[in-house]
Amino acid sequence: VVGYVGRKATYKVGLIPRIVSLLPPYYRFKFAGGNLDDDQLCDFYNSCHLILVPSPPYAEGFSLVTVEALACGTPVVATDSPAIREAVNDYAFYSEYKVEGLVEKIKWIIENYEDAKRKALEGRKYVEKNLNWDKTAAMNLKLYKELLQT
């Protein structure tokens, strides 16, 4: 099961019919909009083999979907974006913003699921250690104090 979470922006979901046409018929897609609570969202991530984040490289800022999926230990296929790479380092499976590259990564994860899951679980540890609200708040507070002193 390949999951997609978020707005149905044309530049993202417009790729999905082309991706589906290149995958075996037994691959399924699931969509979740922005109306899920935290528990429902976690259940959604855990019900998928991977989450797809097909954004043009500079269209995506900090990708909360990527971080949330990794926090649940779910592998992520994302377009190679500086912002996503900065957020989760090499714990996502990156591709160019091309249908063929995304399909290749999706197939690899499904065919090598144990290895992909292991990488996602390492990503979970990274997210838990480096991307939590307390740490983010402390970093922001430090920055604000530094700015007020100048």
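Here, every reference points to the structure presented above.
I will try to describe carefully the structure that is included in this document.

Reading the values: the criteria
Each chain has its residues counted from 1, following the order in which its sequence is written. The predicted origin of the model limits local features to residues at a pLDDT of at least 70 and limits the giving and counting of side-chain atom pairs to 80 or more, whereas totals for whole chains, interfaces and linings rest on all residues. Only hydrogens and water are removed before side-chain values are computed, so all heavy atoms of the structure are retained for them. Secondary structure elements are defined from DSSP: runs of H or I of at least 4 residues count as helices, runs of E of at least 2 residues count as strands, and each element is numbered from the N terminus. Our radius of gyration looks at C-alpha atoms and nothing else; its globule reference is 2.2 Å times the residue count to the power 0.38. Each residue is assigned to one of three classes by its accessible area relative to the maximum for its type, calculated with a 1.4 Å probe on protein chains only: buried under 20%, partly exposed between the two thresholds, exposed over 50%. Two residues form a contact once any of their heavy atoms are found within 4.5 Å. Accessibility throughout is a Shrake-Rupley quantity obtained with a 1.4 Å probe, and a residue counts as covered only by protein chains that appear here. Any residue with an atom within 4 Å of a point lines the site, the site being either a cavity, points on a 1 Å grid over the protein atoms alone where a 1.4 Å probe fits but cannot get out, or a pocket, an open set with protein on both sides within 12 Å along at least 5 of 7 lines. Grid points are joined across faces, edges and corners, and a volume is the space filled by probe spheres set on the points. Gly falls in the polar group here, along with every residue not listed as nonpolar (Ala, Val, Leu, Ile, Met, Phe, Trp, Tyr, Cys, Pro) or charged (Asp, Glu, Lys, Arg). Between N-to-C directions, angles span 0 to 180 degrees; the directions come from axes that are lines fitted to C-alpha atoms, helices contributing only their stretch in contact. Throughout, the term roughly parallel applies to angles under 35 degrees, roughly antiparallel to angles over 145, roughly perpendicular to angles from 65 to 115, and oblique to all others. For two strands to count as paired, DSSP must find a minimum of two bridges between them.

## Side note on the overall build of the chain
When its secondary structure is counted, the chain shows eight helices and five strands. Helices and strands appear in the chain in the N-to-C order β-α-α-β-α-β-α-β-α-β-α-α-α. Compactness check: the chain gives a C-alpha radius of gyration of 16 Å against a globular reference of 15 Å for 150 residues, within 12% of the reference. Taking the principal axes of its C-alpha atoms as reference, the chain extends roughly 60 × 30 × 30 Å. Burial statistics for the chain: of 150 residues in total, 39% are counted as buried. Pairs at least 24 apart in sequence give 65% of the contacts found in the chain among residues at least 6 apart. For the chain, the exposed area adds up to about 8,800 Å²; of that, 54% sits on carbon and sulfur atoms.

## What about the layout of surface pockets?
Looking at the largest pocket, its volume works out to about 670 Å³. In terms of lining, the largest pocket is formed by 22 residues, of which the most central are Leu64, Val67, Leu131, Asn132 and Trp133. Only helix 3 (38-46), helix 4 (64-71), helix 5 (82-88), helix 7 (113-130) and helix 8 (133-149) provide two or more residues apiece to the lining of the largest pocket. Broken down by class, the residue content of the lining of the largest pocket amounts to 14 nonpolar, four polar and four charged. Counted as a void, the second largest pocket has a volume near 280 Å³.

## A short note on the packing of helix 6 (residues 99-111) against helix 7
At a closest axis distance of 5 Å, the pairing of helix 6 and helix 7 adopts a crossing angle of 100°. One finds that helix 6 runs roughly perpendicular with respect to helix 7. Contacts between helix 6 and helix 7 involve Trp108, Ile109, Ile110 and Glu111 from the former and Tyr113, Asp115 and Ala116 from the latter. The class makeup of the residues in the contact of helix 6 with helix 7 is five nonpolar, no polar and two charged.

## Structural notes on unusual backbone geometry
The phi dihedral of asparagine 89 is positive, around 50°, even though this residue is not glycine. Relative to the helices and strands, asparagine 89 is located in the loop between helix 5 and strand 5 (93-95).

## Focus: the side chain of threonine 66
Locating threonine 66 in the fold gives a position in helix 4. The buried category is assigned to threonine 66, whose relative accessible area is 0%. Residues within four places of threonine 66 in sequence aside, it is in contact with Val53, Val76, Ile84 and Val88.

## Overview of the sheet that holds strand 4 (residues 76-79)
With parallel pairing, five strands are arranged side by side in an open sheet as 2-1-3-4-5. At either margin of the open sheet sits one strand with a lone partner, and together these are strand 2 (29-32) and strand 5. Direction aside, neighbouring strands of the sheet carry axes that sit 25° apart on average. Where strand 1 (residues 2-5) lies against strand 3 (residues 50-53), two bridges are found, and the strand directions are parallel. Of the residues in strand 3, the one forming a bridge with valine 2 is leucine 50. The strands touched by helix 4 are strand 1, strand 3 and strand 4; relative to strand 3, the strand with the most contacts, the crossing angle is about 170°.

## Description of the packing of helix 4 against helix 7
Following both chains from N to C, one finds helix 4 and helix 7 inclined at 110°, their axes separated by 7 Å at the closest point. Judged by the inter-axis angle, helix 4 sits roughly perpendicular to helix 7. Across the interface between the two elements, Val67, Leu70 and Ala71 from helix 4 touch Ala120, Gly123, Arg124 and Val127 from helix 7. Looking at side-chain class alone, the contact of helix 4 with helix 7 contains five nonpolar, one polar and one charged residues.

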